[in-house]
Amino acid sequence: MARLAGTVATADIDYHTLDAPRLSDADYDAIKQRLRAIEELFPDLAAADSPTRRVGAAPSEGFGKVRHARPMLSLENAFAAQHVAAFVGRIRNFLNLPADAPLWFTAEPKIDGLSLSLRYERGDLVQAATRGDGTTGENVTANALTIADIPRRLTGAPDLIEVRGEVYMAHDDFARLNASGTDRVFANPRNAAAGSLRQLDAQVTRRRPLRFFAYGWGELSAPLADTQSGAVARLAALGFPVNPLTSVAASLDQMLAAWADIEQRRATLGYDIDGVVYKLDDLALQARLGFRSTTPRWALAHKFPAELAWTRLDRIEIQVGRTGALSPVARLAPVTVGGVVVSNATLHNEDYIAGRDSRGSLIREGRDIREGDWVQIYRAGDVIPKIADVDPARRPAGALPFAFPTRCPDCGSDAIREPGDSVRRCTGGLACPAQAVERLRHFVSRNAFDIEGLGTRQVEAFWSAGWLREPADIFTLARDHEGDLRAAEGWGDKSVANLLAAIEDRRAIPLARLIFALGIRHVGEVAAAVLARHFGSWPAFLAAVDGAGAEPATHAPDDRTRRAALAASPCWAELSSIDGIGPVLVRELVTAFQQPGERALIDRLIAQLDIQPDAGPVQADTAIAGLTIVFTGTLERMTRAEAKARAEAMGARVAGSVSAKTDIVVAGPGAGSKAKKAADLGVRVIDEDEWLAIATG
Ligand code: IVH
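Remember, predicted model here, so these are calculated numbers, not experimental data. (Residues numbered from 1 in each chain as written. Predicted model: local features only at pLDDT ≥ 70, side-chain atom pairs only at ≥ 80, totals over all residues. Heavy atoms only, no water.)

**Points about the sheet that holds strand β23 (residues 664-667)**
Heads up, the rule is: Pairing between two strands is assigned when DSSP locates at least 2 bridges connecting them. Starting at the N terminus, helices and strands are each numbered in turn, a helix being any DSSP run of H or I of at least four residues and a strand any DSSP run of E of at least two. Every axis corresponds to a line fitted to the C-alpha atoms, with the helix fit spanning only the stretch in contact, and the corresponding angles, defined between N-to-C directions, vary from 0 to 180 degrees. We call two residues contacting when some pair of their heavy atoms lies within 4.5 Å.
If you trace the 4 strands from one edge of the open sheet to the other, you get β22-β21-β23-β24, paired in parallel fashion. Taken across any chain shown, the strands that pair with only one partner, and hence form the sheet edges, are β22 (653-655) and β24 (684-686). Each strand of the sheet is rotated relative to its neighbour by a mean of 30 degrees, with strand direction disregarded. Looking at chain direction, strand β21 (residues 628-632) and β22 are connected through 3 bridges and run parallel. Paired with T628 across the bridge in β22 is R653. In the packing of helix α27 (residues 688-696) onto the sheet, contacts are made with β21, β23 and β24, and the angle to β24 comes to roughly 95 degrees.

Quick look at the structure:
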């Protein structure tokens, strides 16, 4: 089977990618047919990446999905030197290092392209995948094989190695591509690189001048080196292009000097970079620091200042969001900022327009923003462009201060501002069409239910037709409106069948997507994933949210009252103890579930679904995977933060208080009531030595 699979894989590359077949079609078909026949007889032996599964998929089905063996993470951003200092300080605290202990960091350009993970097995490039959502990406192997910078074979590499880096397009290649007129015009090199790599036809990718810089790795069968810089040097020795501006800094000053040096060369590099990435050089220390939910603790992206441009603000429009927030948006005369054409910018809220911040202090020296004004736009990375300033000297005569509406522009309900809230909200609730439609749009969006064929346009149309009022209605469309749908303009039997099948397909929904899809204020994608990971199942999550009851007096001025209040409300305490889940989020979450209308809507939805429990962390085969651990007392050889991170990385949950659900209590010297409670409950109590044996074992 391995021999046949190898022959087919080589023939596929020769044919599809290199345009140079060496087998006749008949021979190819016969070999592939034989492989398929054996796989059908012995399905357990069929390789997950067998060419019978890989190729032959009709291009219109898009790319296959690849689950990353190690997640592809993003980076924490910093915009100022003091953020970099804080980053270094946090690392010292976490590792309990004195301020004068030497600490080395690599500094390298942050390439403005898209990341790619290249998997080599026994030296052969077997798979290339985009980042996707970090857990699952797209299989772009055929496309990656056309990029000259990417070696197809490695010699002297570990048996298994995933090389990660950035695909990008150089400025001159980008200009030539846009000028050639053979393809569509791209807004900037990054879009061009992304559009070129994610081509269903690898022949199109081949004609695009894509490049690659390696800067990291995923799964490895053997370590590359002891340091980040050593590992990158090893990647270079294996034949990967690595960025020549990479250096090692021995202090905060040297890090900032490297940043300034790279920024100064930025204009002459010939490709886009948007900052400098610092990475702790010592890989053993990197491993101790580990990861937060989506970013490593040992790396930081220090961004370059945002790009600026002046343009005219034509109109201020108010959009009503899914939580009822009235958001002002500036419609601008189109202007290019940092290579991207911008025609909208956010204006945040009414105070921002009036020239005040949320505390009432003046911003822009109190200058307000009016329709017709000349405004300065700034854009940092991918974030929505913002308005930095306004030029009162160019204000048209007769321009009036902007009157922020006090009624919802969509449903006419009162729009009110709670004391202390900077945002004005429509009080129409689900009766407000804008809110309901926004919630439905959010519900079907890419990182939520992601139902193929049910996008913004369809949601709006189904809403107007009265078929869709709330998420549960999506799952009763087939029962209640199949006939209506077939009769609707633009819908045929096939498209209706496809849509209904896509909806059926999504009844089975991963817990994290469901929690995110509910659209509760502050519960974004990351928080939803954290909650799903913590509770594991919908019933466990619901029990915690329902059991939370009224908010305990966590605002009490003294620690003791605060702790007592939390202790009296174990569910509240559990929710608030989750890393990454703040008090404001807990409040919003609990309140949402306590509102009868909202709760009924959630219950109706849940009745339609088959909720898949969270599969747990990738690394689940550890001694403490799935267990709940509480740390108490002083730890002497590891900071509390490191112990917590380590336990979570090994698949355990870390809780703040002891309950019958606790599996292990790690008690250091000075442990008080928690250790006692554990003993009363019969929970296993271990000391720091035993914990270290588990953590390093
Ligand atoms: S390291 C675990 N190094 O920036 C750390 N990323 O904002 C993973 N990027 O998704 C990334 N240049 O696509 C790293 N020198 C560099 C980079 C770099 C560009 C991208 C990468 C990542 C994104 C995070």
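**Let's talk about the pattern of salt bridges**
Selection criterion: Should a side-chain nitrogen of Lys or Arg be within 4 Å of a carboxyl oxygen of Asp or Glu, the pair is scored as a salt bridge. Only protein chains enter the calculation, and the probe is 1.4 Å; a residue is then buried if its accessible area is under 20% of its type maximum, exposed if over 50%, and partly exposed in between.
A full pass over the atoms with the stated rule returns 47 salt bridges. The partner of D173 in a salt bridge is R211, and the shortest N-O contact between them spans 3.4 Å. Pair noted here: D173 is in helix α6 (residues 171-180) and R211 is in strand β8 (residues 211-220), with a separation of 38 residues, a long-range link. When its relative accessible area of 12% is taken as the criterion, D173 is described as buried. Here R211 falls in the partly exposed class, since its relative accessible area comes to 33%. For E438, the salt bridge identified is with R441, shortest N-O distance 3.5 Å. Within this pair, E438 and its partner R441 are both found in helix α13 (residues 433-444), separated by 3 residues, close to a single helical turn. On the basis of relative accessible area, R441 is assigned to the partly exposed category, the value being 30%. Each member of the salt-bridge network shares a partner with another, and the members are R119, E121, E162, R164 and E219.

**Topic: the site of the ligand**
The following threshold applies: A single heavy atom is enough: if one lies within 4 Å of a molecule or strand, its residue is considered near that molecule or strand. Nitrogen and oxygen atoms within 3.5 Å of one another constitute a polar contact, given that in protein one can donate a hydrogen and the other can accept it, and given that sequence-neighbouring residues count only through two side-chain atoms. Each accessible area is a Shrake-Rupley result for a 1.4 Å probe, and residues are judged covered by the shown protein chains and nothing else. Gly is put with the polar residues, along with every residue not named as nonpolar or charged; the nonpolar set is Ala, Val, Leu, Ile, Met, Phe, Trp, Tyr, Cys and Pro, and the charged set is Asp, Glu, Lys and Arg.
In the neighbourhood of the ligand, 14 residues make up the surrounding shell, with E108, I111, E166, Y215 and K279 lying closest. Between E108 and the ligand, the recorded distance is 2.6 Å, taken from a side-chain N or O atom to a nitrogen atom. Between the ligand and P109 there is a distance of 3.2 Å, counted from a nitrogen atom to a backbone nitrogen or oxygen. Taken by itself the ligand offers 520 Å² of open surface, and the protein chains cover 87% of this. Listing elements by their share of the shell around the ligand, those giving two or more residues are β3 (105-111) and β10 (273-280). Per-element tally for the shell around the ligand: the top contributor is β3, with 4 residues. Split by residue class, the shell around the ligand holds 7 nonpolar, 2 polar and 5 charged.

**Re the confidence of the model for the protein chain**
What counts, and what does not: The predictor attaches a confidence to each residue, and that confidence, scored 0 to 100, is pLDDT.
Here the protein chain averages 88 in pLDDT, and 94% of its residues register 70 or above. Note that pLDDT drops below 50 for residues 55-61; the model gives that stretch 4 contacts with residues more than four away or on any other chain.

**As for the packing of aromatic side chains**
As a reminder of what qualifies: A pair of aromatic rings is counted whenever rings of Phe, Tyr or Trp (Trp by its six-membered ring) have centres within 6.5 Å, and the orientation is called stacked for planes under 30 degrees apart, edge-to-face for over 60 and tilted otherwise.
For the structure on display, the rule yields 17 aromatic pairs. Ring geometry for F449 against F475: centres 5.9 Å apart, planes inclined by 65 degrees, an arrangement best described as edge-to-face. Of the two residues, F449 sits in the loop between α13 and α14 (456-465) while F475 sits in the loop between α15 (471-474) and α16 (477-487), which places them 26 residues apart along the sequence. The residues F449 and F475 share a single accessibility class, namely buried. Ring geometry for F462 versus W491: centroids 5.8 Å apart, planes at 45 degrees, classification tilted. Of this pair, F462 sits in helix α14 while W491 is found in the loop between α16 and α17 (493-505), placing the two residues 29 residues apart along the sequence. For the pair F462 and W491, one class covers both residues: buried. An aromatic cluster of at least three residues, connected via ring pairs, comprises F535, W538, F541 and F593.

**As for helix α9 (residues 228-237)**
Note the cut-off: In this description, the arc belongs to the directions extending from the helix axis to the C-beta atoms.
Those residues of α9 that fall on the buried side of the exposure criterion are Q228, A231, V232 and L235. For α9, the buried positions fall inside an angular range of 100 degrees around the axis, keeping them on one side. At its buried positions, α9 is contacted by β3, β7 (160-168), β8, β10 and α11 (283-289). One or two positions beyond α9, positive phi appears at G239, with a value near 110 degrees.

**Observations regarding a nonpolar patch on the surface**
The condition that has to hold: Patch members must show over 30% relative accessible area and no salt bridge, and they are joined within 9 Å when carrying like charges or within 5 Å when they are nonpolar side chains of Val, Leu, Ile, Met, Phe, Trp or Tyr.
On the surface, M1, L41, F42 and L45 cluster together to form a nonpolar patch covering roughly 430 Å² of accessible area. You can see F42 is positioned in the loop between α2 (25-41) and α3 (51-54). Judged by its relative accessible area of 44%, F42 is partly exposed.

**Describing the packing of helix α22 (residues 570-577) against helix α23 (residues 583-594)**
The condition is simple: An angle below 35 degrees is treated as roughly parallel, one above 145 as roughly antiparallel, one from 65 to 115 as roughly perpendicular, and anything else as oblique. Left-handed describes a crossing whose near helix is turned anticlockwise from the far helix through less than a right angle; right-handed describes the clockwise counterpart.
With their axes 9 Å apart at the nearest point, α22 and α23 run at an angle of 130 degrees to one another. The orientation of α22 with respect to α23, classified from their angle, is oblique. Like other packed secondary-structure pairs, α22 and α23 cross with a definite hand, here right-handed. Residue-level inspection shows W572, L575 and S576 of α22 in contact with α23, the latter providing V586, R587, L589 and V590. Taken together, the residues of the contact of α22 with α23 sort by class into 5 nonpolar, 1 polar and 1 charged.

**Looking at empty space enclosed by the protein**
As a reminder, the rule being used: Note on definitions: the grid is 1 Å and covers protein atoms alone; a cavity is a set of points where a 1.4 Å probe fits but cannot get out; a pocket is an open set with protein on both sides within 12 Å along at least five of seven lines; lining residues have an atom within 4 Å of a point. Grid points are joined across faces, edges and corners, and a volume is the space filled by probe spheres set on the points.
On inspection of all chains with the given rule, the structure shows 4 cavities of 30 Å³ or more. Here the largest cavity defines a volume of roughly 60 Å³. In terms of lining residues, the largest cavity is bounded by E108, P109, I111, F213, A214, Y215, V232, V242, N243 and T246. Those elements that place two or more of their residues in the lining of the largest cavity are β3 and β8. Grouping the amino acids of the lining of the largest cavity by side-chain chemistry returns 7 nonpolar, 2 polar and 1 charged. Taken as a whole, the second largest cavity holds about 50 Å³ of empty space. In this structure, the second largest cavity is lined by R439, L440, F443, P471, A517, L518, L601, I602 and L605. Broken down by secondary-structure element, the contributors of at least two residues to the lining of the second largest cavity are α13 and α24 (596-606). Its residues assigned to classes, the lining of the second largest cavity shows 8 nonpolar, no polar and 1 charged.

**Overview of the environment of G89**
Here G89 lies in helix α4 (residues 81-95). On the basis of relative accessible area, G89 is assigned to the partly exposed category, the value being 27%. Separated by 353 residues in the primary sequence, G89 and H442 place their C-alpha atoms 38 Å from one another.

**Regarding unusual backbone geometry**
Despite not being glycine, N96 has its phi angle at roughly 60 degrees, a positive value. A relative accessible area of 56% means that N96 is categorised as exposed. Here the phi dihedral of R122 falls at roughly 45 degrees; this positive angle occurs in a residue that is not glycine. Topologically, R122 is positioned in the loop between β4 (114-121) and β5 (124-130). By relative accessible area, R122 is classed as exposed at 63%.

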